[in-house]
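Close look at the chain arrangement
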Amino acid sequence: MGEETQPRPLPTVQERRRAFAVQVVRGLREAGHQALWAGGCVRDLLIGLTPSDYDVATDAPPERVMQIFRRTVPVGVSFGVVKVIGPRGAGEVEVATFRSDGAYIDGRRPESVVFSSPEEDASRRDFTINGMFFDPISGEVIDYIGGKHDLDSGLLRAIGNPASRFAEDKLRLVRAVRFAARFGLRIEPATEAALVAMAPEVTVVAAERIAQELRRMLVHPSRSAAMRLLMDFGLAAVIVPELLSLVGVPAHVAARPEHDLWEQTLAVLDGLPHDPSIGLALAALFHEIDRATTGYGAVEALNRVADRLKLANVERDAASWLLAHHETLNAPRSIPVSRLKRLLAEPGIGELLVMHRAVAEAAELPIDHVAFCEDYLRVEPDGPIRPAPWIDGNDLKRLGLRPGPVFKQWIDRAYDAQLEGTVTNPEEAVAWLSRQIEAEGSAST
Ligand code: ATP
Ligand code: MG
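Summary of the structure given here. (Residues numbered from 1 in each chain as written. Chains lettered and ligands numbered in written order. Predicted model: local features only at pLDDT ≥ 70, side-chain atom pairs only at ≥ 80, totals over all residues. Heavy atoms only, no water.)

We now examine the overall build of the chain. Looking only at helices and strands, one finds 22 helices and eleven strands in the chain. Computed over its C-alpha atoms, the radius of gyration of the chain comes to 29 Å, more than 25% above the 22 Å expected for a compact globule of 445 residues. In terms of principal-axis extent, the alpha carbons of the chain reach across some 90 × 70 × 50 Å. For the chain, with 445 residues in total, the buried portion stands at 46%. For the chain, the proportion of contacts with a sequence separation of at least 24, taken over those separated by at least 6, is 62%. Between the averaged position of the 50 positive side-chain charges in the chain and that of its 62 negative side-chain charges there is a distance of 4 Å. (Helix = DSSP H or I, 4+ residues; strand = E, 2+ residues; numbered from the N terminus. Rg over C-alpha atoms; globule rule 2.2 N^0.38 Å. Buried < 20%, exposed > 50% of the residue type's maximum accessible area, 1.4 Å probe, protein only. Contact = heavy atoms within 4.5 Å. Lys, Arg positive; Asp, Glu negative; His and termini not counted. Charge placed at Lys NZ, Arg CZ, Asp CG, Glu CD.)

So this is what it looks like as C-alpha cells:
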C-alpha cells in the first residue's frame, strides 16, 4: 500500500523571511558571535503583527559578517550595517553591529559610531518600543529599556532624555507621530513636551527623509490620527503649513455642523481604502484647500508641498490629476457626454471615484454621482468608453484640408461627435465632417 502523504503547503513569503532571519542568527552564533533580532521586528512580534522585515544585531564587526555569509551587500559599513541576501523569496536581513552613536553634529546624523554592547545599542535607539531584542531560538525578549512595559501600557516614550534625543536627530519628532498613530499609543508626557517644544526645528531634516515619513503615515490606515497629531504638535505648521488654512474654517456640512475643513479632511482620509496610493492620499489631504481663503488652490498647495518635500513626479502628477478633475465629477449628468467619456477613460478614474465616495460619505451626502459613473463604466451602452477614433488625418486630407493647427481641432470635434453618438459609424462620420467643413468654410469666406 502506497503511503498517503498530504501535500505540504508551500511556505508563505512571510514564513520564508522569518526562517531566513532565524538562519542568519544561527549562522552568526555558529561562528562564535552574539546575534539577536532587534528593533521594529521585535516590537511587531510583541504586538502580534507580522514584521515586514527583520533586523539582526550582533557583536560581529561588518567585515566578519561579510566573511560569514556568502551573499552580502555593505550598505553602511561605517555604521556597521551589512545586508545579507536570502534565497529567492526569503528577502534580506540587515545585520548591524551593536553600536553606540557618537556626538550628533547637526541634528541629523552622528559624527562617528563606536561598536559596543547590546545595552548600549538599545539606548541609542529612538523609542522604548523600538529598543528591544529577541532571541528567536530561545524565544526570549531582551529588554534593557522598559520597552515591554511601555508597549503594554500603550505609551510611546523616548529612550533617555527626550529633549536631547530629539536634538540629536530631529527626524525623531516625525517618527514619534508615525509610531504613536500607527500603534494607537499615547505619547508619554515628557516626550510630548519635548516634541512640542522642538517641533519648529524639524526644518533641519532633509526633505527626502521627512517625505518618506509622510508617505508612510499617509498610506497607512492610521493616516488621519497621524495627520491630527502632526497638526496638534505643531509639526504640520513646518512641514505642510498649507494645511493650516483649513483649521477653523466652517465646513458647512449639515450632518457635521461642528466640523471645520480640517476635521472634514480627516474624515475623508479615514474613508479612503486601507492602502491607498500616495497620490490618492495626498489629493484627499489637500482637496479642501480653497483659493478663496488662501489665494492658492488645492493643486498649487500640492505643488508647493511637492517642491518643498521633493516628492517624486509620479506622486505629484497622480495627486494633481485627481485634484484637477475632482470638481468635474460632482455633476456627471450635466457635462457633455463626450467629456464624461473621455474622463471615464482616464487611468486615474478609479481613484477619482474612490475619492468622491470618501468625500460624499464623510459629509453623509448621497453618492449617486459616483454610482452613475460606476454604472457607466460597468455597462457602457454604446461600446467601449474610449473607442478607436473613426476620423484621422488621412480622412481630413481626402476632404481637402492641409495639415496644420486646424487638423487637430477637426479630429477632436469628429471624436466628440463619435462619443456623443451624433454619428454612429465611420461613413456617417466622414459625411458629417464633410458637411461641417463645407458649412464653416463657406461661412468664413
Ligand atoms: P518600520 O516597521 O516602520 O520599518 P522600524 O522600527 O523597523 O519600523 P526603521 O526605520 O526600519 O523602523 O528602523 C529600525 C530600527 O532602527 C528602529 O526600530 C529603531 O530601533 C532604530 N532607528 C531607526 N531610525 C532611528 C532614528 N532616527 N533614531 C534612533 N533609532 C532609530
Ligand atoms: Mg523597519
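This paragraph deals with the packing of aromatic side chains. The way to describe two aromatic rings as a pair is by their centre distance and the angle between their planes. In this structure the tally under the stated criterion is eight aromatic pairs. Judged by centre distance (6.2 Å) and plane angle (65°), the rings of Phe 127 and Phe 179 are edge-to-face. Here Phe 127, found in the loop between α4 (118-123) and β8 (133-135), pairs with Phe 179, found in helix α7 (residues 171-183); they are 52 residues apart in sequence, far enough to count as distant. Comparing Phe 127 with Phe 179 shows no difference in burial state: the two are buried. Every member of this aromatic cluster is reached through a ring pair, and the members are Phe 127, Phe 166, Phe 179 and Phe 183. Here the basic side chain of Arg 304 rests over the ring of Tyr 296, its NZ or CZ set 4.0 Å away from the ring centre. (Phe/Tyr/Trp six-rings, centres within 6.5 Å; stacked < 30°, edge-to-face > 60°. Lys NZ or Arg CZ within 6 Å of the ring centre and 35° of its normal.)

Moving on, we get to the sheet that holds β8. Taken together, seven strands build an open sheet; the order of strands is β3-β4-β5-β2-β1-β8-β9 and the sheet is mixed. Since the sheet does not close on itself, it has two edges, and those belong to β3 (72-76) and β9 (140-142), each with one partner. On average, each strand axis in the sheet is inclined to that of its neighbour by 35°, with strand direction left out of account. The strands touched by helix α1 (residues 13-30) within the sheet are β1 (35-38), β2 (55-58), β4 (81-85), β5 (92-97) and β8, with β1 carrying the most contacts at an inclination of about 145°. Running over the sheet, helix α2 (residues 40-47) touches β1, β2, β8 and β9 and is turned about 65° from β1. (Pairing = 2+ DSSP bridges. Axes fitted to C-alpha atoms, helices over the stretch in contact; angles between N-to-C directions.)

The next point concerns the site of ligand 1. Taken together, 15 residues lie around ligand 1, and Asp 169, Arg 172, Arg 178, Arg 182 and Arg 216 are the ones closest in. Between ligand 1 and the protein, one listed contact pairs a nitrogen atom with a backbone N or O atom of Asp 126 at 3.2 Å. Within the backbone of Asn 130, a nitrogen or oxygen atom sits 2.8 Å from an oxygen atom of ligand 1. Counting only elements with at least two residues in the shell around ligand 1, the list comes to α2 and α7. Residue contributions to the shell around ligand 1 peak at five residues, all from α7. For the shell around ligand 1, a count of residues per class yields one nonpolar, three polar and eleven charged. (Near = heavy atom within 4 Å. Polar contact = N/O pair within 3.5 Å; in protein donor to acceptor, adjacent residues only side chain to side chain. Nonpolar A, V, L, I, M, F, W, Y, C, P; charged D, E, K, R; others polar.)

This is a description of form; function is not addressed.
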